[in-house]
Amino acid sequence: MLNPSFPSSAYFHVPFCQHRCGYCDFTLVAQKDHLIEAYLNAMAEQTAKLGEGIELKTLFLGGGTPTHLSIDQLSRLFETIFSHFRLAEEYEFSIEANPLNLSTEKIDFLKQSGVNRVSLGVQSFDSDILTFLERDHRSDQIFEIVKSLQSRISNTSLDLIFAVPGQSLDGWKQTLQTAVQLNVPHLSTYGLTIEKGTSFWSREKAGFFDLPQDELAGDMYEFALEFLEEAGLKHYEISNFARPGYECRHNEVYWTGYPYYGFGPGAASYLDGVRRQNHRSVITWLKKVQAGESPIADQETLAPEERAREAIIFGLRRRAGINRREFQERYGFDLHQLAETAIQTNVEAGLLEETDTHLKLTSAGCLLADSVVVDFL
Ligand code: SF4
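Quick notes on the rules
Residues numbered from 1 in each chain as written. Predicted model: local features only at pLDDT ≥ 70, side-chain atom pairs only at ≥ 80, totals over all residues. Heavy atoms only, no water. Domains from an automatic or database assignment. Contact = heavy atoms within 4.5 Å. Buried area = accessible area lost by both parts, 1.4 Å probe. Salt bridge = Lys/Arg side-chain N within 4 Å of Asp/Glu carboxyl O. Polar contact = N/O pair within 3.5 Å; in protein donor to acceptor, adjacent residues only side chain to side chain. Helix = DSSP H or I, 4+ residues; strand = E, 2+ residues; numbered from the N terminus. Nonpolar A, V, L, I, M, F, W, Y, C, P; charged D, E, K, R; others polar. Phe/Tyr/Trp six-rings, centres within 6.5 Å; stacked < 30°, edge-to-face > 60°. Buried < 20%, exposed > 50% of the residue type's maximum accessible area, 1.4 Å probe, protein only. Lys NZ or Arg CZ within 6 Å of the ring centre and 35° of its normal. Core = buried A, V, L, I, M, F, W, Y, C linked by side-chain atoms within 4.5 Å. Axes fitted to C-alpha atoms, helices over the stretch in contact; angles between N-to-C directions. Parallel < 35°, antiparallel > 145°, perpendicular 65-115°, else oblique. Left-handed = near helix turned anticlockwise from the far one by under 90°. Pairing = 2+ DSSP bridges. Expected span 1.5 Å × (residues − 1).

Colleague: Hey, could you run me through the domain arrangement of the protein chain in this one?
Modeller: It is common to give the size of an interface as the accessible area lost on bringing the parts into contact. Looking at the assigned domains, one finds that the protein chain contains domain 1 (9-254) and domain 2 (303-377). Its C-alpha centre places domain 1 at a distance of 28 Å from the equivalent point of domain 2. Domain 1 puts 10 residues into the contact, and the matching count from domain 2 is 9 residues. In total, about 870 Å² of surface goes out of reach between domain 1 and domain 2, with carbon and sulfur atoms giving 59% of it. Linking domain 1 with domain 2 are 2 salt bridges. Among the salt bridges present, the one from glutamate 252 reaches arginine 318, with a minimum N-O distance of 2.7 Å. Inspection of the region where domain 1 meets domain 2 yields 5 residue pairs in polar contact (both at pLDDT 80 or more). Counting only elements with at least two residues in the side of domain 1 that touches domain 2, the list comes to α8 (214-230), β9 (234-237) and α9 (249-255). In terms of residue class, the side of domain 1 that touches domain 2 is built from 5 nonpolar, 3 polar and 2 charged.

Printed below as a string of structure tokens:
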């Protein structure tokens, strides 16, 4: 059981990659491994004021690419983490990884260190798509890595991207079929978005490529919903599918509004009702920590109504939706009184549905979730 006033989850951001993929706007530096030493010292500095033995039900290392760090470097990071935290009996310890930096030795090390879930940035099994996305692994390397991972850490998730320029519906179907054949218990699927500041942004503006039409992207998403459900992977969140019992527990903490620690550049935390966000620039974050200053760029204490509205926005991401009675008990607002117009408009548009107990997105609503949740702000 999670406790709303007691954090039992922590996120550590590892902002290093071999190179920056053209579509990526995450907080990271590429080809700057000389900063890893300073980063590890800064992470030790940032956690120094925590006590000891804080119990975590979920621990998540994201990036960047956490597995870009060597075994020695990861070992130092784990030493920092476990000087303050310990894992609860039924814990989930996830790490994000890229196929190319997962040697058997590293997988064994992760397993020995307690990692019991790996989220692998596969993105596609199609060599042309991988080249377009500027990924550094090849299609044929993925199978070996997934096999090696599965034999050691069976709770493996694959990230896949759809709506890539040049990708056909058949190509996407093939990618999903291959993923299902690999028999992993969890898949995440994301439509390609082009963010300002990425190299894809300027290339798209210059007319080097066009994103697929919304209709094709919609068909790809709908196919994933049907095909993966049939394959036993339940659609439990807008972008996530899992076999029963393999839903990502750490992400559920975010979606259900429970508190969590967050460390590293760009990391967010939610503690004592206050949301904090660290500086997104790795260099600024490092300099702040080295100078003994706070690396927090923004912080916000949510008023009760803001908390309730935020709970709707996150809660609708889950296919189970929002339990109206639990919502009222936890946030002190009746869902309908708080958002009658937004609910009515979206139910009439076929984007939301109400059951006796829950308010949730329909399949069509999942595709347009961003515009649905705007109505609840
Ligand atoms: S490997 Fe992942 S985190 Fe790193 S640059 Fe590419 S997409 Fe971004």
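Colleague: Is there a simple way to explain unusual backbone geometry in this structure?
Modeller: Excluding glycine, a negative phi dihedral is what most residues carry, and trans is how most peptide bonds are arranged. Backbone torsion omega between glycine 63 and glycine 64 reads 20 degrees, so that peptide bond is classified as cis. Here glycine 64 shows up in the loop between β4 (54-63) and α2 (71-82). Non-glycine residue glutamine 31 carries a positive phi angle of around 60 degrees. Note on placement: glutamine 31 falls in the loop between β3 (29-30) and α1 (36-47). In this model, glutamate 134 sits at a positive phi of 65 degrees, which is unusual for a non-glycine residue.

Colleague: Sorry, what's going on with the packing of aromatic side chains here?
Modeller: The relative placement of two aromatic rings is captured by the distance of their centres and the angle of their planes. Scanning the entire structure with this criterion turns up 23 aromatic pairs. Ring plane angle 65 degrees and centroid distance 5.3 Å describe the contact between phenylalanine 85 and tyrosine 261, whose orientation is recorded as edge-to-face. Here phenylalanine 85, found in strand β5 (residues 85-97), pairs with tyrosine 261, found in strand β11 (residues 261-263); they are 176 residues apart in sequence, far enough to count as distant. Tyrosine 261 shares its class with phenylalanine 85; the two are buried. One aromatic cluster is present, built from ring pairs that chain together Phe12, Phe85, Tyr261 and Phe263. When the ring centre of tyrosine 270 is taken as origin, the NZ or CZ atom of arginine 275, which lies over that ring, is 3.8 Å away. The ring of tyrosine 258 is capped by arginine 330, whose NZ or CZ atom sits 4.2 Å from the centre of that ring.

Colleague: Looking at this model, I keep getting lost on the nonpolar core. Mind explaining?
Modeller: Within soluble globular proteins, side chains that are nonpolar generally end up buried alongside one another. Counting 91 residues, the largest nonpolar core has Phe85 and Leu158 as its most contacted members. The element that contributes the greatest number of residues to this core is α8, accounting for 8 residues. Domain assignment of the residues forming this core places at least three in each of domain 1 (9-254) and domain 2 (303-377). Aside from chain neighbours lying at most four places away, what touches phenylalanine 85 is Ala10, Phe12, Leu50, Ile54, Leu56, Tyr261 and Phe263.

Colleague: What exactly am I supposed to notice about the packing of α1 against helix α10 (residues 282-290) here?
Modeller: When two helices pack together, their arrangement is given by the angle between the helix axes and by the axis-to-axis distance. The geometry of α1 relative to α10 is characterised by a closest axis approach of 10 Å and an angle of 55 degrees between their N-to-C directions. With respect to their mutual orientation, α1 and α10 come out oblique. Two packed elements cross with a definite hand, and for α1 against α10 that hand is left-handed. Seen from α1, the contacting residues are Ala38, Tyr39, Ala42, Met43, Glu45 and Gln46; seen from α10, they are Trp285, Leu286, Val289 and Gln290.

Colleague: Sorry, what's going on with the pairing of strand β1 (residues 9-14) here?
Modeller: Looking along a regular strand, one sees the side chains alternate between the two faces of the sheet. When you tally the buried positions in β1, you get 6 out of 6 residues, the bulk of the element. Burial of the side chains of β1 extends over both faces: Ser9, Tyr11 and His13 are buried on one face and Ala10, Phe12 and Val14 on the other. Where β1 lies against β4, 6 bridges are found, and the strand directions are parallel. Across the sheet, tyrosine 11 pairs through a bridge with phenylalanine 60, a residue of β4. Where β1 and β11 come together, 3 bridges link them in parallel fashion.

Colleague: Would you explain helix α6 (residues 169-181) in this entry?
Modeller: Since there are 3.6 residues in each turn of an α-helix, residues three or four apart along the chain are aligned in direction. A rise of 1.5 Å per residue sets the reference length of α6, with its 13 residues, at 18 Å; its end C-alpha atoms lie 18 Å apart and thus fit the reference within 8%. Turning to α6, its buried residues number three or more, namely Trp172, Thr175, Leu176, Thr178, Ala179 and Val180. The inward-facing, buried residues of α6 abut α5 (139-152), β7 (156-162), β8 (186-191) and α8.

Colleague: Would you take a moment to explain the pattern of salt bridges for this structure?
Modeller: A pair can form between side chains of opposite charge whenever their charged atoms are brought close. Tallied over the entire structure, the rule returns 12 salt bridges. The partner of glutamate 37 in a salt bridge is arginine 76, and the shortest N-O contact between them spans 2.9 Å. Highlighted residues: glutamate 37 in helix α1 and arginine 76 in helix α2, separated in sequence by 39 residues. When the shortest N-O distance is used, the salt bridge between glutamate 293 and lysine 288 registers 3.4 Å. Residue classification places glutamate 293 among the partly exposed positions, given a relative accessible area of 41%. Relative accessible area serves as the criterion here: at 25%, lysine 288 is assigned to the partly exposed category.

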